[in-house]
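Secondary and tertiary structure notes
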Amino acid sequence: MKQTEALIRVLGARVHNLQNIDVDIPRNKLTVITGLSGSGKSSLAFDTLYAEGQRRYIETMSAYARQFLGSMERPDVDQIHGLSPVISIEQKTTNKNPRSTVGTVTEVYDFLRLLYARASDAFSYVTGEKMVKYTVDQILDLVMETFDEKKIYILAPLVRGRKGHYRELFEQVRKNGYLHVRIDGELEEVVHGMRVDRYKNHDIEVVIDRLTVREKDRSRIRKSLQTAMKQGKGVSMILEKDGASPRFYSSQLMCPTSGISYNEPAPHSFSFNSPQGACPHCNGLGTVNDVDLNKLIPDPEKSLRKGALELLGTYRNSLLWWQLEAAGEKYGFDLDTPAREIPEQGMQCILHGCDEPLRLRNTPLGENSNYVLSFDGVIAWMQNQSGDNGKQERLLTRNLLSKVTCPHCQGTRLKPEMLHFRIHGKNIAELSGMDLAALAEWFDGLEEHLSDRQQVIARDILKEIRSRLSFLLDVGLNYLSLNRSSRSLSGGESQRIRLATQIGSQLVNVLYILDEPSIGLHQRDNRKLIASLLNLRDQGNSVIVVEHDKDMILSADHIIDLGPGAGRLGGQVVGSGSPADILAGHSLTAAYLNHSKSIPVPGQRRPGNGSVLTLRGARGNNLKGVDVSFPLGTFICVTGVSGSGKSSLINATLHPILSMRLHRAEKEPLPYDRLEGLEHIDKVIEVDQSPLGRTPRSNPVTYTGVFGDIRKLFEQTPDAKIRGYKSSRFSFNVKGGRCETCGGAGIQAIEMNFLPDVYVRCKSCNGKRYNRETLEVRYKGKNIHEVLDLTINQAVDFFSSIPSILRKLKTLQDVGLGYVHLGQPSTTLSGGESQRVKLAAELSRKDTGRTVYILDEPTTGLHFEDVRVLLEVIHRLVNRGNTVIMIEHNMDVIKVADHIIDLGREGGSQGGNLLATGTPEEVSRIDASYTGNFLQEELATEKES
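Here's what I pulled together on the structure shown here. (Residues numbered from 1 in each chain as written. Predicted model: local features only at pLDDT ≥ 70, side-chain atom pairs only at ≥ 80, totals over all residues. Heavy atoms only, no water.)

Some thoughts on the pattern of salt bridges
Across all of its chains, the model carries 48 salt bridges by this definition. Close ionic contact of Glu 776 with Arg 723 constitutes a salt bridge, the shortest N to O distance being 2.8 Å. Of the two residues, Glu 776 is situated in the loop between α25 (772-775) and α26 (784-788) and Arg 723 in helix α24 (residues 718-723); the sequence distance between them amounts to 53 residues. Classification of Arg 723 as partly exposed rests on a relative accessible area of 37%. Here Arg 876 and Asp 814 are joined by a salt bridge, their closest N and O atoms 3.6 Å apart. Residue Arg 876 is found in helix α30 (residues 864-879), and its partner Asp 814 is found in helix α28 (residues 803-814); the two are separated by 62 residues along the sequence. Judged by relative accessible area, which is 35%, Arg 876 ranks as partly exposed. (Salt bridge = Lys/Arg side-chain N within 4 Å of Asp/Glu carboxyl O. Helix = DSSP H or I, 4+ residues; strand = E, 2+ residues; numbered from the N terminus. Buried < 20%, exposed > 50% of the residue type's maximum accessible area, 1.4 Å probe, protein only.)

As for the nonpolar core
Leu 112, Leu 115, Phe 443, Phe 635 and Phe 799 are the most contacted members of the largest nonpolar core, which has 138 residues in total. Tallying contributions element by element places α30 first for this core, with eight residues. Not counting the four nearest positions on each side in its chain, Phe 635 is found in contact with Arg 606, Leu 871, Ile 874, His 875, Val 878, Val 884, Met 886, Val 893, Val 896, Ala 897, Asp 898 and His 899. If you look at the next biggest cluster of nonpolar residues, it comprises 29 residues, including Val 143, Val 196, Val 206 and Val 213. (Core = buried A, V, L, I, M, F, W, Y, C linked by side-chain atoms within 4.5 Å. Contact = heavy atoms within 4.5 Å.)

Quick notes on the side chain of Thr 851
Considering the arrangement of structural elements, one finds Thr 851 in strand β31 (residues 851-856). Judged by relative accessible area, Thr 851 falls into the buried class, the value being 1%. Leaving out residues up to four positions away in the same chain, Thr 851 has contacts with Asp 682, Lys 683, Ile 685, Asn 882 and Thr 883.

Remarks on the state of the cysteines
Applying the stated criterion across every chain yields a total of one disulfide. Across a sulfur-sulfur distance of 1.8 Å, Cys 349 and Cys 354 are joined as a disulfide pair. An identical accessibility class is assigned to Cys 349 and Cys 354; each is buried. Cys 406 supplies the cysteine sulfur nearest to Cys 409, a cysteine that is in no disulfide, at a spacing of 3.7 Å. (Disulfide = S-S within 2.5 Å.)

Everything listed is a geometric property; what it means functionally is a separate question.
Structure below.
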């Protein structure tokens, strides 16, 4: 192979802020692209290499196929040589479908379904006995052996637990020549006009034959059994003349005692996305909307008459109240009974209606009036009051209903019979609920517990399951479970799942491009991830990773360092080569890697203001009833390996409690005992990584509110006053001044069917968002589009004379977003950038000095220098008396914290314990803490440098 063919060569790349650069990327190597945030890393990796690879793939299709996909714009690059088929593994690929789980995404659950359909044992959900199925010959042998010389009836079941009078059925039985039937356990002679009570459930069997079992009658018994199986649709019954209960025999899976039968299992029988397997009550979602009694009846000491049901108010003469009175008469309460004393069955009738009609007596409609009416319950009544706009129903849903675990399937999503198919004592839902590490261990040595037949069937299936589990464990996802909803996964977790899937696909000669796969990983797990990427490389693939993690950079075969600054000051190659070449360079990245520049450890840790917030008995998800204290007025880092319980403790327990108590939010916290010290704070602000908005019209200036000030400024210009333009004219969210072709977005989405949507520049406005008349209005020589096209750094200079605008822009600059354009669509911002925009929005507001800020990995997507800038902002907040609680894995951040709360020791079921608390120096001395071990290395390196 020629030397040039061993390279992916990019010539003249000018996408976004790339400065006409030439880059050589070695094939079949692990290449890391690094540099300051905004230096052009994603522009090179995704907007140039991946976009060109996708475009070339589309061009290989026929003209017929391309007409459905639309055209893709060629990236602004002169040439790209040696480009392999490209697969992009980004952070924004999480499936938000509630039916999507880790198991379905990784296909492990598909193999589990196949395994249970072919190699499981079925058990009765009534008696717990093993289900059986027989051929006619097997049934004959069993009958001859079990009932030898005994008088028996051979029966065929026709009806099982159904209502009806069945007059036509009895007439058909009589015409077929059968003389007797068994109705609800009693033998009766069939007569003309025979019928049963239509309102009761019945079991009906026809007597096919009655005889004494002897060997000479074997042929007769066989024919009778065949007839019974045909009449009973695969099921026959044998009733001993003086026996108590019949025995069931079936060609299907059947309980020999109770007679219940299962359909023959198939893979879709275990799928919660299929009607054949999904729980009919929650439709396979595992949760249902149910009434929160605490919201519906806030004061259980009140009676119904006095307004216990707040939405109904106090008693008044109406049909609904008469029905409630009748329900009370039936279930043993009245309208003056305190709500807490109403029986459970009565409360269910009040809320959801009664199974049988209610009899209303002594209503104001007349003395001794007697009406029989059905009652659907208060919830149905409320929904019927909603009217056309559904306002009342939305109020009901928001105020009273909450998602709860489905009471019928207990969150397993499957029909009850599917949960009684077991392998080695476990059903499929139990396996789905195990964390992946425990699941992999369970599958090891499983063959020892299988029969010879099961081993033959399961051999290839088990190989596939083990292979996929090992890949998931290799990328540090051992704490996840197969039933974990994919919508609850972070961007990093979703990306690593896709990475594990790609490793398992065994493709070669492919170019993989990943966007910071180390997000959300503890340093311990990060080393597993690096090994997985090297494995992907060793299979014969080229791997390009956009990354800031020090270990990942130094483990690469080749590094491309972009800079020297961000935005228009970036887009140049400031270093390229092996790790040794980069370490010997003079770039900002090299300075942090070779320790000539570092984030210093503070000489003294803040002791706090003396007040403490203490959360006791936190036991949600995998938390083990931990008691955690948060010293106020400090910078606190919550650490631990992935899945150790950090998010459960902070995002799902502490934050909802504070939001409910301080701001009356409605998000329910995970279980806990109590919170102490709430009187010391008066405000809580969560700054997470969720997108600023879902459309390209959302951007940093609209989110922070500075766009309103800019529009008012344009309203005051002479041109706007002459034309009568108000500030709304300069909004791209309002008709009038915007381009109506793209709706003010500047871009249009092209649906790619089986590929991700592609966004192209609007042809009408050429991406300027506004119509021609609006763009004619200028402030200091720039129209509204040109202002939105300024970077934040440029805008700070441009609006230096306008204090209201400058203050908000300066906070964006202070959090390291100076390279971002004012009007940059939020859909193009990373999770870390979105989080910093939110942080800037909060910084521009006045704090009280008693505010708790909660941040979830704000260093996502940040270069070492950007982390330093962010920490300056954090310290500024804490120095004003506020408390910052940050979930973090970045050692540069953890080492400068005032207080560390370390959870673990492992993830999943092995996590949720409080391992260590204290200063970084104190935690570094805890041998049981992985964080402490890495801190020890970090602090030692800091002293040496």
